[in-house]
Number of protein chains: 2
Amino acid sequence: MSSVSIKDVAARAGVSPGTVSNVLNRPEKVATSTRSRVERAIRELGFVRHGSASSLRAGHSRTIGLSVIDIGNPFFTDVATGVEDVASERGYAVILGNSSGDRLKEERNLLVFAEQRVRGVLITPSDEDLSRIDRLKERGICVVFVDHPAARADQCSVAVNDVTGGAMAVTHLLEGGARRIAYVTGPTTIRQCLERRQGAERALLAAGRTPATALQEISMTAMTARHGQQAAEKLLAQGPLPDGVFCANDLLALGVLRGLMHAGVRVPADVALIGYDDIDFASASAVTLSSVRQPTHRLGQVATELLLDECDNPDTHAHQQIMFQPELVIRESTSST
Amino acid sequence: MSSVSIKDVAARAGVSPGTVSNVLNRPEKVATSTRSRVERAIRELGFVRHGSASSLRAGHSRTIGLSVIDIGNPFFTDVATGVEDVASERGYAVILGNSSGDRLKEERNLLVFAEQRVRGVLITPSDEDLSRIDRLKERGICVVFVDHPAARADQCSVAVNDVTGGAMAVTHLLEGGARRIAYVTGPTTIRQCLERRQGAERALLAAGRTPATALQEISMTAMTARHGQQAAEKLLAQGPLPDGVFCANDLLALGVLRGLMHAGVRVPADVALIGYDDIDFASASAVTLSSVRQPTHRLGQVATELLLDECDNPDTHAHQQIMFQPELVIRESTSST
DNA sequence: GGCGTTCAGTGAAGCGCTTCGACAGCTGAT
DNA sequence: ATCAGCTGTCGAAGCGCTTCACTGAACGCC
């Protein structure tokens, strides 16, 4: 059973193993008649190239590693499908690693990638210490950052501008007539949360407002719907309600929405509400949720293209730090009409 | 640069390459003092075992392939994390393949798996023609079905009982006092939709009702929130409202909820509503959604354990077709109190 | 002291593939 | 007739590892 090797194919086609390898890897070097003879033998024997042998000899594999923080998060899922699309189209396999934000797990994943001698790695780093990334590069493995702008010019990255996104959201609230705005966010150690807040402040300044007085921040320990509901309760308890609420992600926003509705607050009539990420469920809630959409799928595609370009053309490759722009999605929760 | 091989380690530790290999693979065969000397050399040189060379020689790799229908679906995402957990704990890498329900893409993924000589494959088959699965097994690659009960005894599988789930949901509606029940479903070609309906009918019969008159089916072309909302509009247009609605998934249910609320129908006071899958957002909606939860994460874990057992102990391994039971999750949308 | 036994470690063979220098056969220019 | 320049194919070397038959040394035991 099984294990048809290149030799068997060669014997059947009456050529040498080297020629079979040429058919596989540089078909243009082989005369048409020989080629079709070999191809027939391959089909007849059901030959499948042995990837390990191939990459052992060739010195590189046709796999890439993808290490993300949480594959359960729709954001990363979308990124992953983008990666998968491009990779599989180019004949690459994707090895998935989920770090759960755990430094140790991430390191273990990177080790697995190194053992598999992946061609390159796509990674959303789980923290700012990038020494382990350098170690990969010393090994000759290309690395592209995903959703993390590279600080260095010798490093590709793709990310989405969170400052712009925050500004868009708050500008939209202001244009809808909001005066006092609350920013419901997760842990302030998260870069995205911080930058979205910066954007919010920038929007207030641009509208001639003072962030210190016009913006109230509610920081929660996690970014789930449950925490959003708690945030709403906090808002309700704290005295006069803001008339616009910007949440650092949609889950928080859905929680806030639920909390406000339970208290009889009307959205958007009493309070306008906007989230971030535009997850599927933003358009499924009782009051559909305005949000800021990121080109997640494209993020994965472009990251993969950059990575494969860097691998295939190490000399001509120009490192790029690509920053995508988010997009405002207006729905019922901010449409006061 | 880089590329520290087993030979370099051997030279540094003053042993033969074979001994280094033993330290890596059968540490108990090596004297403690030698072992620690080798381990130090490994650390000092930053040696990383070459997976391709290893699996070429050993005849099998430490990777498994996971082919799912839609990694964007939270169901599969949860399964994937379960798989990843077990695999990475046992030192296996997971190669991800997304078929998007496309037969061709699935076949391409399986080819990639075969080239990588994965140890085994976990697959949610995208259709019922399983000949390509047999071809894999001829190659000596173990296969475990995920969310698809195997019809054959020589094949492992894990799945969740959809008939039971459907019955649970409808029994719950009946116990809450519902008399006329609507089943909002997706395309009737989907096995899950059919079986959940069978469960619904079984529950009605058990309660002494006639499915033909007590159950009204609304079949939509897709299972999204938008389609759910359309289903609600259909229900509203069709005359007397049912007093219980069972949806084949949560997205449909959220759409129905939204459609009913917009029309001023109170949930659960006027209509009780239950979904399926217990996605995160079920507990985040304006009226939290009762649902049927499946042990998705566990599904992935168990599937992987079965697979690795079959790989590691081909002789003693007993094929199993495991059927998990779903679990009822009661929330506001069915709590008439 | 000779003998079997166990324990540690050796080293060569070879997994299936790619690569590259060698070479045969041919064409067309000299 | 000779030769340079191709094109197409061959075949051996070797990628880094595991495996296994083997060698020595150490240790009782009669």
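These lines cover the structure that appears in this document, whether it is placed above or below. Note that this is a predicted model, so its numbers are computed, not measured.

## Structural notes on the overall build of chain A
Logical step 1: Looking only at helices and strands, chain A has 13 helices and 12 strands in total.
Logical step 2: Relative to its length of 337 residues, chain A is extended, with a C-alpha radius of gyration of 26 Å against a globular reference of 20 Å.
Logical step 3: For chain A, the spread of C-alpha atoms along the principal axes amounts to about 85 × 40 × 30 Å.
Logical step 4: Residue burial in chain A is summarised as follows: out of 337 residues, 53% are buried.
Logical step 5: Restricting the contact set of chain A to residue pairs at least 6 apart, pairs at least 24 apart contribute 69%.
Logical step 6: For chain A, the accessible surface area stands at approximately 14,200 Å², while carbon and sulfur atoms represent 49% of it.
Logical step 7: Across chain A, the centroid of the 36 positively charged side chains sits 6 Å from that of the 39 negatively charged ones.

## Section: the protein's contact with DNA strand C
Logical step 1: As a matter of local geometry, DNA strand C sits amid 22 residues, with Ile 6 and Arg 26 of chain A together with Thr 19, Thr 34 and Arg 57 of chain B nearest to it.
Logical step 2: In DNA strand C, atoms within 4 Å of the protein come from the sugar-phosphate backbone in 62% of cases.
Logical step 3: Side-chain polar atom of Thr 19 of chain B to a phosphate oxygen of DNA strand C: 2.5 Å apart, as the coordinates give it.
Logical step 4: The contact in question runs from a phosphate oxygen of DNA strand C to an N or O atom on the backbone of Ala 31 of chain B, over 3.0 Å.
Logical step 5: Listed by contribution, the elements that provide at least two residues to the surface near DNA strand C are α2 (17-25) and α4 (51-58) of chain A together with α2 (17-25) and α4 (51-58) of chain B.
Logical step 6: Ranked by residues supplied to the surface near DNA strand C, first place goes to α4 of chain A with four residues.

## Regarding the interface of chain A and chain B
Logical step 1: With 52 residues of chain A at the contact, the number on the chain B side is 52 residues.
Logical step 2: A combined buried area of about 4,600 Å² lies between chain A and chain B, and 58% of that area is made up of carbon and sulfur atoms.
Logical step 3: There are 22 residue pairs in polar contact (both at pLDDT 80 or more) connecting chain A and chain B.
Logical step 4: For the side of chain A that touches chain B, the secondary structure elements donating two or more residues are α4, α5 (74-89), β2 (93-98), α6 (103-115) and α12 (250-262) of chain A.
Logical step 5: If you tally residues by element for the side of chain A that touches chain B, the top one is α6 of chain A, at seven residues.
Logical step 6: When grouped by side-chain class, the residues that make up the side of chain A that touches chain B number 21 nonpolar, 19 polar and 12 charged.
Logical step 7: Across three bridges, the pairing between β2 of chain A and strand β2 (residues 93-98) of chain B is antiparallel. Across the sheet, Leu 96 of chain A pairs through a bridge with Val 94 of chain B, a residue of β2 of chain B.

## Examining the sheet that holds strand β7 (residues 215-219) of chain B
All names here are of chain B.
Logical step 1: Taken in spatial order, the four strands line up as β7-β6-β8-β9 in an open sheet, and their pairing is parallel. Among the strands making up the open sheet, the edge pair consists of β7 and β9 (272-274). Geometrically, the sheet is characterised by an average inter-axis angle of 20° between neighbouring strands, direction not taken into account.
Logical step 2: By the bridge criterion, four bridges tie strand β6 (residues 181-185) to strand β8 (residues 244-247) in an arrangement that is parallel. Note on β8: the bridge partner recorded for Val 184 is Cys 247.
Logical step 3: Docked against the sheet, helix α8 (residues 162-175) engages β6, β8 and β9, running at close to 165° with respect to β8.

About the cut-offs
Residues numbered from 1 in each chain as written. Chains lettered and ligands numbered in written order. Predicted model: local features only at pLDDT ≥ 70, side-chain atom pairs only at ≥ 80, totals over all residues. Heavy atoms only, no water. Helix = DSSP H or I, 4+ residues; strand = E, 2+ residues; numbered from the N terminus. Rg over C-alpha atoms; globule rule 2.2 N^0.38 Å. Buried < 20%, exposed > 50% of the residue type's maximum accessible area, 1.4 Å probe, protein only. Contact = heavy atoms within 4.5 Å. Areas by Shrake-Rupley, 256 points an atom, 1.4 Å probe, with all protein chains shown as cover. Lys, Arg positive; Asp, Glu negative; His and termini not counted. Charge placed at Lys NZ, Arg CZ, Asp CG, Glu CD. Near = heavy atom within 4 Å. Polar contact = N/O pair within 3.5 Å; in protein donor to acceptor, adjacent residues only side chain to side chain. Buried area = accessible area lost by both parts, 1.4 Å probe. Nonpolar A, V, L, I, M, F, W, Y, C, P; charged D, E, K, R; others polar. Pairing = 2+ DSSP bridges. Axes fitted to C-alpha atoms, helices over the stretch in contact; angles between N-to-C directions.

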